[in-house]
Amino acid sequence: MNLLGKTIGGKYKVLEQIGSGGMAVVYRGEHIYLKKPVAIKVMLPSFSEKPELVQRFLQEAEMASKLDHPNIVKIFDFGDEDGLLYLVMQYIDGDTLEKILRYRGKLSLREAINITLQVLSALQYAHEKGLVHRDIKPGNVMINKEGRAYLLDFGIAVLGGSGGEKTAVGTPEYMAPEQFRGRADRRSDLYSVGVMLYEMLTGKTPFQDAKDIYELQHRILRDPIPPTGIDPEIDAILDKALSKLPSQRFQSAKEFADALLSIEEAKGMEYNTSIPVENTEGKVGEKESGMRKITQFVPLPEEEEFEIEDKGFPWRLFIILVVLGILILGGSLGILWYILHK
Amino acid sequence: MRGKFYGITDIGRVRNKNEDAYIINPFTGLFAIADGLGSRKAGDFASNYALEILDLELQKTLKTERNPKIALLKAFLNTSSAVFQKTTSSLELKGAMTTLTALLLSGSKWYIAHVGDTRAYLLRGKHLYLLTEDDTKAQLMVKQKLIKPHEALNHPARNILVRALGSKPLVKPHMYEGYISKGDKFLLASDGLYSYFSFRELFDYIRKYEPKPLLEKLRDIANERGGEDNLTAVAVEITDAPLYSTLLAHFQSFTFRRLI
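Residues numbered from 1 in each chain as written. Chains lettered and ligands numbered in written order. Predicted model: local features only at pLDDT ≥ 70, side-chain atom pairs only at ≥ 80, totals over all residues.

Chemist: It is not clear to me how the sheet that holds strand β10 (residues 185–189) of chain B should be interpreted in this structure. Could you clarify?
Modeler: Strand pairing within a sheet occurs via backbone hydrogen bonds; the two strands may be parallel or antiparallel. Taken in spatial order, the seven strands of this open sheet run β14(A)-β1(B)-β11(B)-β10(B)-β7(B)-β8(B)-β12(B), and their pairing is antiparallel. Sheet topology places β14 (304–307) of chain A together with β12 (257–258) of chain B at the edges, where each strand pairs with a single neighbour. Two elements, strand β7 (residues 119–124) of chain B and β10 of chain B, share five bridges in a ladder whose sense is antiparallel. Paired with R119 of chain B across the strands is A189 of chain B, a residue of β10 of chain B. (Pairing = 2+ DSSP bridges. Helix = DSSP H or I, 4+ residues; strand = E, 2+ residues; numbered from the N terminus.)

Here you go:
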């Protein structure tokens, strides 16, 4: 599939490839009449045959086109060019947070809080519209040169929330415990924001060293989050954000944001300010990228086994019964003997 | 004792949100399902909230109480008051209620605390037993001797709930208990599932399948037959239990309500 130099939909010229995800390639393009830069996301042909993925793509187009928020990438157009599905979006001159983290390793507390606040602002807006993103991760956050953060990819967003699907979709390292059981609501998004904040501060996700998806799943469902050790206040916030039970987390993006704003480092910030993120591209060199950080169909947990300690044989009850039995038997024999000998 | 378990919840084919939920905590031995009711957001909140609180409360009470039955009862009562407080404190959640059927496995015995029309079935040997009593109008009519017990299970009034968490500040659960036998199979199910099956069918499927394929089978059939409500089920199979409790359990079976 080589689209470079071609014109899509009669008005968008494809200029260069700027990214590729699991199921689509993203190009930088230009509106040929307005000379306006755009980003064009084209679904890979191999996926166009899978109805559930086409459905996802259509869903992203429909959902995201209804959203109008300074921290959410805008959707301009959508179409089908000779069987290729494409989405035309606002072009952001910057990098994904994933790429920035790969270059920088980790960010300062102030930078991390600022990006988190902007993502929370976008989520507060989306959640109020009843939309759950379901796949919050650094790869879905773009940061431009001024430090403004944009949330991308509402591809697996679902109106409402809980569902009980047969398989879960998401990026395992960022998924909340309940998402592995096929359920997600706004608090699952807030969990993922917590994982992202954790990663910005420490350079890794809480259970990044798990050796496979099964261990990862197990640890997300059971293990406590190791503290970052950066700041007790931020650790308390992460502890709450990453609770296993949704009911113990922040109940809204606003509540999460307010907790962050109360931290000393956040002084002078507001709910929706942006501070430039230092871009040291090429200085540190690419860090090895995580293997699992792609959106995928995640199997629901298999049948599980349990073991519960048995109580030993109830000896006390047994002895009481035996003694009682002997007494009753002895007593009746005695009575019989007495009657016979009278 | 040792065993296997699986849980499933499905929105069904007609409703647009899932008010059913389940929770499993293999460490405490808690398996529970809930079917919420209420307007708009309220129903699914009540069921999920009740399960989360029950799980948390039980972790606490099991530490302080020696008798698992008392621990389960206390945790259930605390849950019922938490649900009432929460749903009456907000306008949006007003009127939200939920059923709750909780199975606790502990020390070679099972305990059930139950309110509502979600059910617990037990397959033991060649029989299927219904361990719980529905809190429905039909069941009340049985108690008043207006209809016969077997009529209640298919009576039109069997869908009318008379008790649920959230209706009163404190709702006392029905409590049941017994010994565990090797080979026991428990099925907790919401009405969205069990209404689609005859006792004979349930018996056949439970006997034939292990927890995961069983629940997938029941879900698919219920949806084929209409799927008019959310459905939820949890299946637990006991693969190993001590001999003495297996023996005692079989003596106890006579006291349960036998369906097949």
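Chemist: It is not clear to me how the packing of helix α5 (residues 186–202) of chain A against helix α7 (residues 232–241) of chain A should be interpreted in this structure. Could you clarify?
Modeler: Think of two packed helices as two axes; the pair is described by the angle between the axes and how far apart they sit. Residue and element names in this part refer to chain A. At a minimum axis distance of 9 Å, the contact between α5 and α7 shows a crossing angle of 145°. Viewed along their axes, α5 and α7 form a crossing whose handedness is left-handed. On the side of α5, the interface is formed by L190, Y191, V193, G194, L197, Y198 and L201, while α7 contributes I234, L238 and A241. Considered class by class, the residues forming the contact of α5 with α7 number nine nonpolar, one polar and no charged. (Axes fitted to C-alpha atoms, helices over the stretch in contact; angles between N-to-C directions. Left-handed = near helix turned anticlockwise from the far one by under 90°. Contact = placed C-beta atoms within 7 Å. Nonpolar A, V, L, I, M, F, W, Y, C, P; charged D, E, K, R; others polar.)

Chemist: Could you clarify how one ought to interpret the environment of I18 of chain A in this entry?
Modeler: All names here are of chain A. Relative to the helices and strands, I18 resides in strand β2 (residues 12–20). Its 16 C-beta neighbours within 10 Å are what place I18 among the partly exposed residues. Not counting the four nearest positions on each side in its chain, I18 is found in contact with V26, Y27 and R28. (Buried ≥ 20, exposed ≤ 12 C-beta atoms within 10 Å, placed from the backbone.)

Chemist: Can you walk me through the nonpolar core in this structure?
Modeler: Considering soluble globular proteins, one finds that nonpolar side chains tend to be buried as a cluster. All names here are of chain A. Among the nonpolar cores identified, the biggest contains 77 residues, and I40, V119, V193, A241 and F256 are the most heavily contacted of them. No other element matches helix α4 (residues 109–128), which puts ten residues into this core. Counting only domains with at least three residues in this core, you end up with domain 1 (7–90) and domain 2 (94–298). With sequence-adjacent residues up to four places away left out, F256 is seen in contact with L120, L190, V193, A241 and F250. (Core = buried A, V, L, I, M, F, W, Y, C linked by C-beta atoms within 7 Å. Domains from an automatic or database assignment.)

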